[in-house]
Amino acid sequence: MVLNYIWIAFFVIAFLFGLVQLVFMGDTTVMEKMVQSTFDTSKTAFETSLGLTGVLALWLGIMKIGERAGAVNALSRLLSPVFTKLFPGIPKGHPAMGAIFMNIASNMLGLDNAATPTGLKAMQEMQSLNPKKDTATNPMIMFLVLNTSGLTIIPTTILAFRAAKGAAMPTDVFIPILIATGIATLAGIIITALWQKINLLQPVLLATLGGLIAFIGLIIWGFGQMDKDTMATVTSVTSNLILLGVIITFIIGGFLKNINVYDAFIEGAKEGFHTAVRIIPYLVAILVGVGIFRASGAMDMLIDGIAWCVKACGLNTDFVGALPTAFMKPLSGSGARGLMLEAMDNYGPDSFVGRLSCIFQGSTDTTFYILAVYFGSVNIKYTRHAVACGLLADLCGVIAAICVAYIFFH
């Protein structure tokens, strides 16, 4: 519903802004530019989806092998000691815990198709423990915040879009995204735990959170000691080694498990093809809306206004062009994806704004969409502090993304 209003606003504001320029400024070309943008951006949306098909087929095929090989289950077992402390309201051994493990592990591995069903299953299991069926429980809210903070080890789609847009090194945003999404997740856990009065000083939680903070700090410190050329080289080499390592590990793991890795890959690759086709209408809708908004001059006015405010505070304004992606991400993943693509089209995939837009896209998840789908599946009406905790985690992710982008690419 929110995206519906935003989409309508793009067209209405663009038309009114264009009308003002035509009537009061005598710009007779503005309407022509707006109409032309609808054709250009709809064509761009289709071409982008078409170019994405092969990459999505590849990665979803690899992910299917990993899923069959038991990578998700292995990650679930690894997370078990931590999650039992984060969800004290769920009895040990309850089926809800297994579904939560599967969902978070699937999200971390980028297995979107596997993540949603297990997420809905987790909500149903937690609802069975809920004494007030219309009100969100603490475990539900912690689970939702972990989802909305968007911790993903492999940002497959973003890397695929960067490759489709012709980025010189599509994987150069891999480590920055990992840092930003790690900070967002860490912030989400701490904020929600404090709100729910969960003791963060428990040895397991303290060790996990401390280890995550130390890991992120070490990466930032290490890259901060390098010059820009060395940083770019190390980022590219490390990112490619990690991604190739995942591919080889999944294939060998599948072989050792006596899985037909070829058939598993084909099954996953088919899902990649269908996914690429399925996103075409969403890309057309949002890219046309954003395109006509930009063609009217309204986008430039908005960005210039924010840039003026930032400059008045004495801050660097280079990040402002990527902010539309950050604003849209809590509302709609497809909308933010469209704005990310629009930023790469207008500024270039290897520009500071283009890269920062990708980091924004990967640093958090679609808070309102996730809340609507997951809470709606169990008829939760009163979400309590879920929205506040989710948006605060998003804010931390946005700030982290800006800082990391300046460290790596400015």
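The coordinates are above.
So, a few notes on the structure that sits alongside this text. (Residues numbered from 1 in each chain as written. Predicted model: local features only at pLDDT ≥ 70, side-chain atom pairs only at ≥ 80, totals over all residues. Heavy atoms only, no water.)

This model, assessed by the stated rule, comprises 6 salt bridges. The salt bridge partner of Glu-267 is Arg-68, with a shortest N-O separation of 2.2 Å. Of the two residues, Glu-267 is situated in helix H11 (residues 261-278) and Arg-68 in helix H2 (residues 30-69); the sequence distance between them amounts to 199 residues. A relative accessible area of 41% means that Arg-68 is categorised as partly exposed. In this structure, Asp-172 engages Arg-162 in a salt bridge whose closest nitrogen and oxygen atoms are separated by 3.1 Å. Of this pair, Asp-172 sits in the loop between helix H7 (156-164) and helix H8 (174-195) while Arg-162 sits in helix H7, and the two are 10 residues apart along the sequence. Grouping residues by exposure puts Asp-172 and Arg-162 together as buried. Taken together, the shared-partner salt bridges in this structure form one network comprising Arg-162, Asp-172, Asp-350 and Arg-355. (Salt bridge = Lys/Arg side-chain N within 4 Å of Asp/Glu carboxyl O. Helix = DSSP H or I, 4+ residues; strand = E, 2+ residues; numbered from the N terminus. Buried < 20%, exposed > 50% of the residue type's maximum accessible area, 1.4 Å probe, protein only.)

All right, on to the packing of aromatic side chains then. The full count for this structure, using the stated rule, is 4 aromatic pairs. Ring centres 6.1 Å apart and planes at 45 degrees place the aromatic pair Phe-408 and Phe-409 in the tilted group. (Phe/Tyr/Trp six-rings, centres within 6.5 Å; stacked < 30°, edge-to-face > 60°.)

Here the focus is the packing of helix H6 (residues 138-148) against H8. Viewed as axis vectors pointing N to C, H6 and H8 meet at an angle of 160 degrees, and their least axial separation amounts to 9 Å. In terms of orientation, H6 lies roughly antiparallel with respect to H8. Between H6 and H8 the crossing geometry is right-handed. Here Ile-141, Met-142, Val-145 and Leu-146 of H6 lie close against H8, whose contacting residues are Thr-185, Gly-188, Ile-189, Thr-192 and Ala-193. Tallied by class, the residues present in the contact of H6 with H8 amount to 6 nonpolar, 3 polar and no charged. (Axes fitted to C-alpha atoms, helices over the stretch in contact; angles between N-to-C directions. Parallel < 35°, antiparallel > 145°, perpendicular 65-115°, else oblique. Left-handed = near helix turned anticlockwise from the far one by under 90°. Contact = heavy atoms within 4.5 Å. Nonpolar A, V, L, I, M, F, W, Y, C, P; charged D, E, K, R; others polar.)

Following the sequence through the fold, Val-12 ends up in helix H1 (residues 2-24). The partly exposed category is assigned to Val-12, whose relative accessible area is 43%. In the structure, Val-12 is positioned 281 residues away from Phe-293 in sequence and 8.9 Å away in space, judged by C-alpha atoms.

What follows concerns the nonpolar core. Val-173, Phe-319, Val-320, Leu-356, Ile-359 and Phe-360 are the most contacted members of the largest nonpolar core, which has 52 residues in total. In terms of residues, this core owes the most to one element, helix H18 (residues 386-409), which gives 8 residues. Sequence-distant contacts of Phe-360, that is, excluding residues within four places in its chain, are made with Ala-322, Leu-323, Thr-325, Ala-326, Lys-329, Val-398, Ala-401 and Ile-402. Among the nonpolar cores identified, the runner-up in size contains 39 residues, and Val-82, Ile-90, Met-140 and Ile-370 belong to it. (Core = buried A, V, L, I, M, F, W, Y, C linked by side-chain atoms within 4.5 Å.)

You will see that Lys-197, though not glycine, has its phi angle at about 60 degrees, which is positive. Of note, Lys-197 is situated in the loop between H8 and helix H9 (203-224). The exposure class of Lys-197 is exposed, given its relative accessible area of 74%. Look at Asn-258: it is not a glycine, yet its phi comes out positive at around 60 degrees. When you line up the elements, Asn-258 lands in the loop between helix H10 (228-256) and H11. Looking at Asn-258, the relative accessible area reads 73%, which means it is exposed.

A few words on the state of the cysteines. All chains considered together, the criterion is met by 0 disulfides. Unpaired in this structure, Cys-309 has its nearest cysteine sulfur neighbour in Cys-313, at a distance of 7.2 Å. (Disulfide = S-S within 2.5 Å.)

Now for the side chain of Arg-355. Its place among the elements puts Arg-355 in helix H16 (residues 352-363). The exposure class assigned to Arg-355 is buried, which follows from its relative accessible area of 16%. Separated by 3.1 Å, the side chain of Arg-355 and the backbone oxygen of Asp-350 make a polar contact. Every residue in contact with Arg-355, bar those within four places of it in the chain, is listed here: Arg-162, Asp-172, Val-173, Pro-349, Asp-350 and Phe-409. (Polar contact = N/O pair within 3.5 Å; in protein donor to acceptor, adjacent residues only side chain to side chain.)

Right, let's talk about a nonpolar patch on the surface for a bit. Taken together, the side chains of Tyr-5, Trp-7, Ile-8, Val-12, Phe-15, Leu-16, Leu-19, Val-20, Leu-22, Val-23, Phe-24 and Met-25 make up a nonpolar region of the molecular surface, amounting to roughly 1,200 Å² of accessible area. Note on placement: Leu-16 falls in helix H1. (Patch = residues over 30% accessible without salt bridge, like charges linked within 9 Å, V, L, I, M, F, W, Y side chains within 5 Å. Areas by Shrake-Rupley, 256 points an atom, 1.4 Å probe, with all protein chains shown as cover.)

As for its position among the elements, Asn-130 is in the loop between helix H5 (112-127) and H6. A polar contact of 3.0 Å, which involves the side chain of Asn-130, links it to the side chain of Gln-127. Among residues more than four places away in sequence, those in contact with Asn-130 are Thr-135, Thr-137, Met-140 and Ile-380.

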